[in-house]
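# Observations on the model geometry
Residues per chain are reported as follows:
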Amino acid sequence: MNRGAFYGVIASLLWLRLHFPIWLILLILLAIYAVMGGYSYLSVIVRTTKRDVTGLTRYLQVLLRVRSYQKKNWTVPMVFETHVKKHPNKIAFVFEGREWTFKEIDEFSNKIAHVFEEAGFQPGETVALLLDNRPEYVAIWLGLAKAGLVTALINHNLRDKPLLHCIQIADCKGVIFGADFCDAFTGVRDQLDSSIKQYAFDFKNNVSIPASSINLDMKMEEASPGRLSGPQRANYGDKMLYIYTSGTTGLPKAAVIRHSRYIFATFGGFYACGLNKKDTIYVPMPLYHMSGGCMGAGMTLLFGCTAVMRKKFSVTNFWSDCTKHGCTVAQYIGETCRYLLAAPPRPEDKSHSVRLMFGNGLRPQIWEEFVNRFSSSTRKLLIAEFYGATEGNANIINFDGRVGAVGFVSMIAPSVYPVALIKVNEDTGEPIRGEDGLCIRCKPGEPGMFVGMILRNHPIRDFHGYADPNATKKKVAVDVFKRGDAAFLSGDILEMDELGYLFFKDRTGDTFRWRGENVSTSEVEAVISNVAALKDCCVYGVEVPGAEGRAGMAAILDPERTLDLKVLATGMSKVLPSYARPLFVRLVKVIDLTGTYKLRKVDYQKEGFDVDKIKDEVYFFDATSQSYVLFTSALYEQLKSGKIRV
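Residues numbered from 1 in each chain as written. Predicted model: local features only at pLDDT ≥ 70, side-chain atom pairs only at ≥ 80, totals over all residues. Heavy atoms only, no water.

A separate point is the sheet that holds strand E27 (residues 617-622). The mixed open sheet is built from five strands, whose spatial order is E24-E25-E26-E27-E28. The outermost strands of the open sheet, each flanked by one partner alone, are strand E24 (537-542) and strand E28 (627-630). Going across the sheet, the axis of each strand differs from the next one's by a mean of 30°, ignoring polarity. In terms of strand pairing, strand E26 (residues 584-588) meets E27 through four bridges, oriented antiparallel. (Pairing = 2+ DSSP bridges. Helix = DSSP H or I, 4+ residues; strand = E, 2+ residues; numbered from the N terminus. Axes fitted to C-alpha atoms, helices over the stretch in contact; angles between N-to-C directions.)

If you roll a probe as big as a water molecule over the atoms, it shows you where there is empty space left. According to the stated counting rule, one finds one cavity of 30 Å³ or more in the structure shown. Size it by volume and the largest cavity reaches roughly 90 Å³. Lining the largest cavity are Val315, Thr316, Trp319, Ser320, Leu340, Ala343, Pro344, Arg346, Glu348, Asp349, Arg373 and Phe374. Elements supplying a minimum of two residues to the lining of the largest cavity: helix H11 (315-325), helix H13 (348-351) and helix H14 (364-374). The element contributing the most residues to the lining of the largest cavity is H11, with four residues. Across the lining of the largest cavity, the residue classes break down as six nonpolar, two polar and four charged. (1 Å grid on protein atoms, 1.4 Å probe; cavity = no way out; pocket = protein on both sides within 12 Å on 5 of 7 lines; lining within 4 Å. Points joined across faces, edges and corners; volume = space filled by probe spheres on them. Nonpolar A, V, L, I, M, F, W, Y, C, P; charged D, E, K, R; others polar.)

As enumerated under the stated definition, the model contains 25 salt bridges in all. One salt bridge in this structure joins Arg227 and Asp106, with 3.1 Å as the shortest N-O distance. Of this pair, Arg227 sits in the loop between helix H8 (216-222) and strand E8 (239-245) while Asp106 sits in helix H4 (residues 102-118); the two residues are 121 residues apart in sequence, bridging distant segments of the chain. Residue class for Arg227 comes out partly exposed when judged on its relative accessible area of 41%. In this structure Asp106 comes out as buried when scored by relative accessible area, which is 6%. One salt bridge in this structure joins Asp279 and Arg355, with 2.5 Å as the shortest N-O distance. Of this pair, Asp279 sits in the loop between helix H9 (259-273) and strand E10 (280-283) while Arg355 sits in the loop between H13 and strand E13 (356-360), and the two are 76 residues apart along the sequence. In this structure Asp279 comes out as buried when scored by relative accessible area, which is 3%. Taking relative accessible area as the criterion, Arg355 reaches 19% and is therefore assigned buried. Via salt bridges that share partners, Glu81, Asp106, Lys146 and Arg227 belong to a single interconnected network. (Salt bridge = Lys/Arg side-chain N within 4 Å of Asp/Glu carboxyl O. Buried < 20%, exposed > 50% of the residue type's maximum accessible area, 1.4 Å probe, protein only.)

The following block contains the structure:
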């Protein structure tokens, strides 16, 4: 604009201001803006302002509380102790007919803190916990945190090499194992450093405790229920937990969860979902996961809510449990929603008091049907779908029930919460960069990798990585949108619509998700190769009609057809948890090892298990016989129609 035109615009505005009211001037300007092509943006503003203002308000609540705790240097145990002081006799956890008060959890955790401090453990050292869902699980790691220790939350389904790896990668100085997992632990114990102290928990008598193990129950009987005296053992920014996540490196990675991260994640879930301190939350998710251990149990520890626990998810008992205990909020993962929807209708479907369910993985195809069926007779069930990696700094949530969305980014003020979608190579997952060497943002409708910009020492935007520095380095990109910046790479492909809602599309890298668990393909490949006499193979995830996530499928090089599938099934069952074992096996005559490995895997994945198109023999794991059977066209049709459930 030249100087004359500029003065002309100023003069026109002054003339309008002298002759017309301000509201009319604004209306005229908006009309001009719309006529000149701004109508679509105005439409976005009108349609998303309420959502964005609500989201901003809740985000500011989280940020202010988190900054307050940062300034006070409060840890998770310190926040919990404020709730113990307020209501010591309030019910904290309900489990298998027993009610645990806040005072009981506090005293149990205090005993744990005394036992391990008196045993010589130093603040910052790590203790592994191999135990199933129960209130004591939370109380144990809470007690270790009171002593300044870090707890490695081991997936209790792991066996053999993966279990050994999880203990070693976190540099554990001690291991606590439950009676039900004695065989799993003793199977790897001899391969651990002899200096690692072993604590046996919930054993009924000394006879059943393995030699050289310490009876934790007896030690706790001798310990004081009072709090530790002396200086604070941990700080707000210190490590508190390791939660394991499967990735492209092959074996589980130990994600660092600091007190600050746990507080932020729990506060984020509480405020974003619209929970209140009077809520009773149903927690059937594994406590070794972020969803159950933080988003579930964390509501009790940091907000004083009551949580109803289950050892494992049950379709039969889900709604009856919620009704019996008066639950107002419940957790889910996509698989649980599908299982609940597939169950025969019951009176409990609508007689419960659940007003909100939060979690991740609810398929858009069943979203509305699920809400309609399980809304109570007095109110509509609200779904709060969230997305975020355990270790990541890029967390979003869909709190207004937009079907299929996992969250949103404001189109009015996108810089308020610095996350983005960037273009990546479809096959390698590597970011695509422009001529300037920087990453390229995706436009609405374009799929891309979800990333979160890293701001060091920020209570929300920092990325703490893994126990393994090399694994941490692989998840960070530099020079993303400007020189010197950095971002966390989620590894997941999302897509954004014109209103800023984000929808999950797929995962990059050598992982897939099945039965609520991330599965490392390279780990499964290594097991199959060992069991199958070192035959070459590749493992990938395939979509199964009517099921969330992707089931495992293995293409195994076997030109002479010498592979014993029964031996393969038995061998895998000894090492791999059930969710990691391939549902399908494809026997191939050639695997071109000189080709691009990922491209070949993508091709197999696209072909899936359609036996009408694949010339190779495909086998299907039969749960009844616990073996692989030939996958025929008839079985394929039964699977597509839902007659065969997986």
